[in-house]
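One-letter residues, chain by chain:
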Amino acid sequence: MNSAVVNPDIERYFDTVYAETFDAVSRFVVSHAARFQDAEDIVQNVYTRFFKRISDKGYDDIDSAEAFLINIAKFECRSFFSGFMKQKEKAILLSDFSEEDSARIEAELSRDQKPLEDVMSDKILAKQIFDDIMSSDETVGKIFYLHFVCDMKLDEVADALGLKLSTVKTKLYRTIEKQKKKFGI
Amino acid sequence: MNKHDFYKELMSEYSFDAEKIKANAKRGKFARQKIAPLTIGITAAVAACTVAVGTLAMTMIDNNNNGVSLVDDSSALSAKSDTERLKDAMARLEEEKESSELKDVLVTFAYTLSPTEAQNVLTAYTDGSVPVKALFFADGTRTVSEADIAAVFSANTAQITGAAINCSGIVAAELAEDSRVYLVENMTEEDFENALPVDVESLINNGEDTTVDVPEISDVPEAPLEPADPVIPSVDPDDTTIGTAEVTDPEENEDPESIEVSEDEINDPTTSDDPEESTTPADTSTTPEKTTQPSSTEDTEQPVEPTELTAAVMPEGITLPTSVEAVKYEPMVRNAESAFFIDDYVMYVKKSDGFGIYTVSAGSINEIDSVECVDAVVHWISTDGDGMLISGKTDKDSLRNKLWYVSSVSQTITDLNAEDSVMDGALTNVGYNEDSKLLVMSIKEEDMYYLSAHILDDNGNISYISDPFQSASKITLMCAKGNTVYVAVTDGALTQIMACDVNNGDTRIIGAYDNNPTITKNYAFTHAVISPSDNALTGVIEVFDPITENFVRTDYFGETLYFGVSRHCFEVNGRFYTVANGFIIPTDSIAAMAEIEYKKSLSSVYTVTDVRREYITICSSVYSRANLAAELVFGVYSENCTEAQKQAFIGAVGVNNALALGKCREAGLTKPEKLVSAIEAYYSATAANAIITDCNVSILGALSYNGGSLRAIDIDDCVLVINEQSGNEAIGTVYIKAGIIGGKTAYTAHKVTFVAEDGMWKLGKPIT
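Residues numbered from 1 in each chain as written. Chains lettered and ligands numbered in written order. Predicted model: local features only at pLDDT ≥ 70, side-chain atom pairs only at ≥ 80, totals over all residues. Heavy atoms only, no water.

1. Notes on the overall build of chain B
Across its full length, chain B holds 18 helices and 36 strands. Put simply, chain B has 768 residues, and 55% of those count as buried. For chain B, restricting intrachain contacts to residue pairs at least 6 apart in sequence, the fraction spanning at least 24 positions comes to 62%. Per element, the accessible surface of chain B, about 31,500 Å² overall, is 47% carbon and sulfur. (Helix = DSSP H or I, 4+ residues; strand = E, 2+ residues; numbered from the N terminus. Buried < 20%, exposed > 50% of the residue type's maximum accessible area, 1.4 Å probe, protein only. Contact = heavy atoms within 4.5 Å. Areas by Shrake-Rupley, 256 points an atom, 1.4 Å probe, with all protein chains shown as cover.)

Here it is, written out as structure tokens:
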């Protein structure tokens, strides 16, 4: 595909759709990709296919760009990992965190902590913290993304990933507690 | 900033580089896929054996009983007859079919298996491994050595008749239901030294069991031969390699209607076709052995007739039409390369720039619809011609990503928008099973092969199910049954046959071959043919039956099997067979021949006999309703009538044709009395009255008549055979040539009677 001859109208349409759908598409991909580490590549493939499609055939027949993109995403998620991915994982019943502990951690998450702004500014440290989340098991990164970036409630995250709520909570809170000790945040 | 916002910003910043993604998308850059290819190989067999053997060793150590479940010694298999063993085994399996207790069992296979095949059977109902304690071979020997068992699976050359394994009652019961397994019996310690697998052939021949069931498939012809006479040969003990000549179109039709696109073409669309997989070809050239009527060998005795009998001679000026001008049209269709009828009056034409459907009637041809594309390939035709699936390329430089559904009923061509599934890849093949409405696309994109499953209804509406399977190794479509699609996955010299559920993607291995067999599907996507490769020296052609998941062996090696559009019937070397319940049964059904010769039979009116320089030659169909109603017969017939009988018959045919074709005036029968005289000259009084009534022949006034129920006959197509004669009466059969079916001349047979009237032979009844 020769980007030097892209129709400006197509490009404008693509930019608009991209801005409007990126959150929904990335949320879908994170929920359905086998590995969080592949999510970015999958999202790229989704939009690359979409751009090629509208360049070749236009977009007049596309009623809902988001639905169209999600359809592509379905294909890409399955293609990006060998074999057919079973979405349901084995449920692991964990009981590390009582209701009281959960409430405490949630309260902490809402409390202002000035040093966090400095941490965010420190790109190296911030990347380390991100990598630490990714180094956990496959689902932790997904849980963090869906809950914090996509603003999904924990029960919604559990549904999306085929996990029990207790499992989601444990993975999330355990990682937060671990990082508190490791990075002092 | 609270921690919630911190993590939100952190994950947003580092999860996705949104700007990079957008920029790459506009540049058309795809992310490189990080996919582990499907691993297949003989090492899998060794690994399974190793696991199994390892488990055996552990079992032996753990229970100090050599891993043998103790059973009453008086139940030793070696102490019983095969019949007793059969009955006991059935009873035991029923008792223990829900038991999870592990026991040693002796598995007798229904026929000799290779180690890989045996492994596939034994592990089919477990988590992929099962302890193997002994192997029994076709030469009557056995081994219980751990090292030897491992070596057998590694070498994969032995012929195995049975195996001793350790499994639960549940698994044993499931194994017993496998069509590759004849018997599963509990074993004693003594049996490891003394027992052998039962003699399957002996038990069957003694009537203790039958492995042949009445076929349940509705397409099976009405009168198949008894299953006791199947084509299945005895197993070749040296068969470790399989490969056959690739199924191709016959020489009669130079245009392969349905091929699988080669990998070269996918990678470089400008290369010419080099099909790696083709569906069974579209036409046959065969010589069926069986006839549906007695041959003429019974009818060669020359009758003795009264010397004074002659035949009538028409007066001068009357020339009765004894020949029939054959229907022949030659319309021109621009760019036509090949054609055949898919309905009585609807013709499919493949052109160099696409394809189209046309109606043909009385020589005039009208285009209904057409599609512009390059290299149209037919992947499916329904048995009644109502539907077709055709793929193509948009232009010569593009990849194959278009798929159309052609309906002869609604006379429409529907674009199925396959490019939405194929995307940047290319279609390598398409399979459609009309019974389950399952449509499977085989797609290749870059270095990966995918299956894409859909439902296609009779109106051409398609709905997506899933992409249930993919592999870095080449995938070849085989067939489907219900929601299961069967494919061959080839990695180097090893080919594994896999069953894949399109709903959940579950796969299981059901067979394996080495030495690169050629595997093709039939149009109906109900069977696959597995043939030894071109350079194979041994092996036989097998037909895969998904209903039983049997690989049914034939007697053939280098021949080609033609299914046509038939679901279950095929032709090879002039013989016709039906695949039923895991067996191959000879058939002589005209219906089966029609399905295999679909290009001649989908229309009862017309058939295309040639396409040359854009002109399509259309003639009458040999599978006409009249021919089929009259019942076609095959044979070699010789005339044995007297000259007078022959002349009488010729005259009768002439009168018949004059009426049937409306050519009385042309023949010189310009007045009613002349017509009546001609009828009465060649037909007895009774027959003449019948014809006059049937054809409404006026006996007064102006010439007036119609064809009635008469059908025009070409005398050159007739063979008159007198079966019996006494005095002034003769009874015989006239065989009228219908055309070529299955490579042999087909006739319709009509009873004729001759009576002597006024010193002349006359037909005693109209020719019907």
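Moving on from the coordinates now.
2. Observations regarding the overall build of chain A
Along its length, chain A carries 9 helices and 0 strands. Along chain A, helices (α) and strands (β) appear in the sequence α-α-α-α-α-α-α-α-α when read from the amino end. The 185 residues of chain A split such that 49% are buried. Of all intrachain contacts in chain A linking residues separated by at least 6 positions in sequence, the fraction that spans at least 24 positions is 73%. Total accessible area on chain A is roughly 9,200 Å²; 50% of this is exposed by carbon and sulfur atoms.

3. As for the packing of aromatic side chains
Tallying each qualifying case throughout the model produces 38 aromatic pairs over all chains. Plain terms: the ring middles of A:Y13 and A:F50 are 6.2 Å apart, the flat faces sit at 35 degrees to each other, and that makes the pair tilted. With a gap of 37 residues between them, A:Y13 in helix α1 (residues 8-32) and A:F50 in helix α2 (residues 39-57) connect regions that are remote in the sequence. Residue class for A:F50 comes out buried when judged on its relative accessible area of 0%. Ring geometry for B:Y348 against B:F355: centres 6.0 Å apart, planes inclined by 40 degrees, an arrangement best described as tilted. (Phe/Tyr/Trp six-rings, centres within 6.5 Å; stacked < 30°, edge-to-face > 60°.)

4. What about the interface of chain B and chain A?
In this assembly, 48 residues from chain B lie in contact with 62 residues from chain A. Between chain B and chain A, roughly 5,200 Å² of surface is buried when both sides are summed, and carbon and sulfur atoms account for 61% of that area. It is B:K3, B:F16 and B:K26 in chain B that bury the most area against chain A; as a group they hold 15% of the surface buried on that side. For the pair chain B and chain A, the number of links is 10 salt bridges. Taking the shortest distance from any N to any O, the salt bridge between B:K22 and A:D15 comes out at 4.0 Å. Going through the elements one at a time, α1 (3-15), α2 (18-27), α11 (419-422) and β18 (462-471) of chain B are the ones with two or more residues in the side of chain B that touches chain A. The dominant element in the side of chain B that touches chain A, judged by the number of residues it contributes, is α1(B), at 12 residues. (Buried area = accessible area lost by both parts, 1.4 Å probe. Salt bridge = Lys/Arg side-chain N within 4 Å of Asp/Glu carboxyl O.)

5. A word on the pairing of strand β16 (residues 438-445) of chain B
All names here are of chain B. In terms of residue burial, β16 counts as a mostly covered element, since 8 of its 8 residues are buried. The alternating pattern of β16 places L438, V440, S442 and K444 on one face and L439, M441, I443 and E445 on the opposite face, and all of these are buried. Taken together, the 7 bridges between strand β15 (residues 426-433) and β16 define a ladder with antiparallel strand orientation. Looking at the pairing, L427 lines up with I443 of β16. Two elements, β16 and strand β17 (residues 448-456), share 8 bridges in a ladder whose sense is antiparallel. Across the sheet, the residue bridging to V440 is A453, located in β17. (Pairing = 2+ DSSP bridges.)

6. A word on the packing of helix α6 (residues 123-134) of chain A against helix α9 (residues 165-183) of chain A
Residues and elements named next belong to chain A. One way to put it is that α6 packs onto α9 with a least axis distance of 11 Å and a crossing angle of 145 degrees. Two packed elements cross with a definite hand, and for α6 against α9 that hand is right-handed. The residues of α9 that touch α6, namely those facing L125, Q128, I129, D132 and I133, are T175, K178, Q179, K182 and F183. Considered class by class, the residues forming the contact of α6 with α9 number 4 nonpolar, 3 polar and 3 charged. (Axes fitted to C-alpha atoms, helices over the stretch in contact; angles between N-to-C directions. Left-handed = near helix turned anticlockwise from the far one by under 90°. Nonpolar A, V, L, I, M, F, W, Y, C, P; charged D, E, K, R; others polar.)

7. Focus on the pattern of salt bridges
A full pass over the atoms with the stated rule returns 43 salt bridges over all chains. Residue B:E419 is joined to A:K57 by a salt bridge in which the shortest nitrogen-to-oxygen separation is 3.0 Å. Taken as a pair, B:E419 in helix α11 and A:K57 in helix α2 lie in two separate chains rather than in one. The exposure class of B:E419 is buried, given its relative accessible area of 11%. Exposure remark for A:K57: the relative accessible area of 46% places this residue in the partly exposed category. Within this structure, A:R49, A:K52, A:D56, A:E76, B:D424 and B:E445 form a network of salt bridges that share partners.

8. Notes on helix α15 (residues 643-660) of chain B
Residues and elements named next belong to chain B. Its 18 residues give α15 an end-to-end C-alpha distance of 25 Å, which sits within 8% of 26 Å, the value for a rise of 1.5 Å per residue. Counted residue by residue, α15 has 14 buried out of 18 residues, so it is predominantly covered. Just downstream of α15, G662 is the residue with a positive phi angle, here 70 degrees. (Expected span 1.5 Å × (residues − 1).)

9. Here's the deal with the nonpolar core
Residues A:Y47, A:F50, B:Y7 and B:L10 are the most contacted members of the largest nonpolar core, which totals 68 residues. A total of 10 residues in this core trace back to one element, the largest contributor, which is α1(A). Here B:L10 is in contact with A:M120, A:A126, A:I129, A:F130 and A:I133, once residues within four sequence places are set aside. B:A658, B:Y683, B:I692 and B:F754 belong to the second-largest nonpolar core, a separate cluster that totals 45 residues. (Core = buried A, V, L, I, M, F, W, Y, C linked by side-chain atoms within 4.5 Å.)

10. Some words on the side chain of B:N24
As for its position among the elements, B:N24 is in helix α2. Separated by 2.7 Å, the side chains of B:N24 and B:R27 make a polar contact. In this view, B:N24 contacts A:Q44, A:T48 and B:K29; residues no more than four positions away in its chain are not counted. (Polar contact = N/O pair within 3.5 Å; in protein donor to acceptor, adjacent residues only side chain to side chain.)

11. Notes on the sheet that holds strand β30 (residues 606-612) of chain B
As summarised here, the arrangement of the 3 strands in space is β6-β31-β30 (chain B), forming an open sheet in which the pairing is antiparallel. The sheet is open, and its two edges are formed by β6 (328-329) and β30 of chain B, each paired on a single side.

12. Some words on the environment of A:D159
Along the chain, A:D159 falls in helix α8 (residues 154-161). When the C-alpha positions of A:D159 and A:S31 are compared, they lie 9.6 Å apart, and in sequence the two are 128 residues distant.

13. Some points on unusual backbone geometry
All names here are of chain B. Positive phi, normally seen in glycine, also occurs at D375, with a value near 55 degrees. Mapped onto the elements of the fold, D375 is located in strand β11 (residues 374-381). Residue D375 is classed as buried on the basis of its relative accessible area of 16%. Residue E446 is not a glycine yet carries a positive backbone phi of 50 degrees.

14. As for the sheet that holds strand β28 (residues 575-580) of chain B
Residue and element names in this part refer to chain B. With antiparallel pairing, 3 strands are arranged side by side in an open sheet as β27-β28-β29. Each edge of the open sheet is held by one strand with a lone partner, namely β27 (569-572) and β29 (583-586). The sheet shows a mean angle of 35 degrees between the axes of neighbouring strands, taken without regard to direction.

15. Points about the packing of α1(A) against α2(B)
It is the contact of α1(A) with α2(B), at a shortest axis distance of 12 Å, that shows an interaxial angle of 145 degrees. Here the hand of the crossing between α1(A) and α2(B) comes out right-handed. Taking contact as the criterion, the partners of A:E11, A:F14, A:D15, A:Y18 and A:F22 in α1(A) are, on α2(B), B:A18, B:I21, B:K22, B:A25 and B:K26. In the contact of α1(A) with α2(B), the residues fall into 6 nonpolar, no polar and 4 charged.

16. Quick look at a negative patch on the surface
Taken together, the side chains of A:D112, A:E117, A:D118, A:D122, B:D5 and B:E9 make up a negatively charged region of the molecular surface. Elements with a contribution of two residues or more to the negative patch: α5 (115-121) of chain A together with α1 of chain B. In this structure B:E9 comes out as partly exposed when scored by relative accessible area, which is 36%. (Patch = residues over 30% accessible without salt bridge, like charges linked within 9 Å, V, L, I, M, F, W, Y side chains within 5 Å. Lys, Arg positive; Asp, Glu negative; His and termini not counted. Charge placed at Lys NZ, Arg CZ, Asp CG, Glu CD.)

17. Let's talk about the confidence of the model for chain B
Per-residue confidence for chain B gives a mean pLDDT of 79, with 79% of residues at or over 70. With pLDDT under 50 throughout, residues 207-300 of chain B is counted as low confidence; its partners more than four residues away or in other chains account for 267 contacts. (pLDDT = per-residue confidence, 0-100.)

18. Observations regarding the confidence of the model for chain A
All names here are of chain A. With 86% of its residues at a pLDDT of at least 70, chain A reaches an overall mean of 81. Here helix α4 (residues 99-110) is the element of chain A with the lowest mean pLDDT, 81, and α1 is the one with the highest, 92. Contacts for the low-pLDDT stretch residues 82-95, under 50 throughout, to residues beyond four places or in other chains number 28 contacts.

19. Considerations on the pairing of strand β33 (residues 718-726) of chain B
Residue and element names in this part refer to chain B. Judged from the 8 bridges that link them, β33 and strand β34 (residues 729-741) form a sheet pairing that is antiparallel. In the sheet register, L720 faces β34, and the bridge partner there is V734. Count of turn residues in the β33/β34 antiparallel hairpin: 2 residues, of which G727 carries a positive phi of about 60 degrees.

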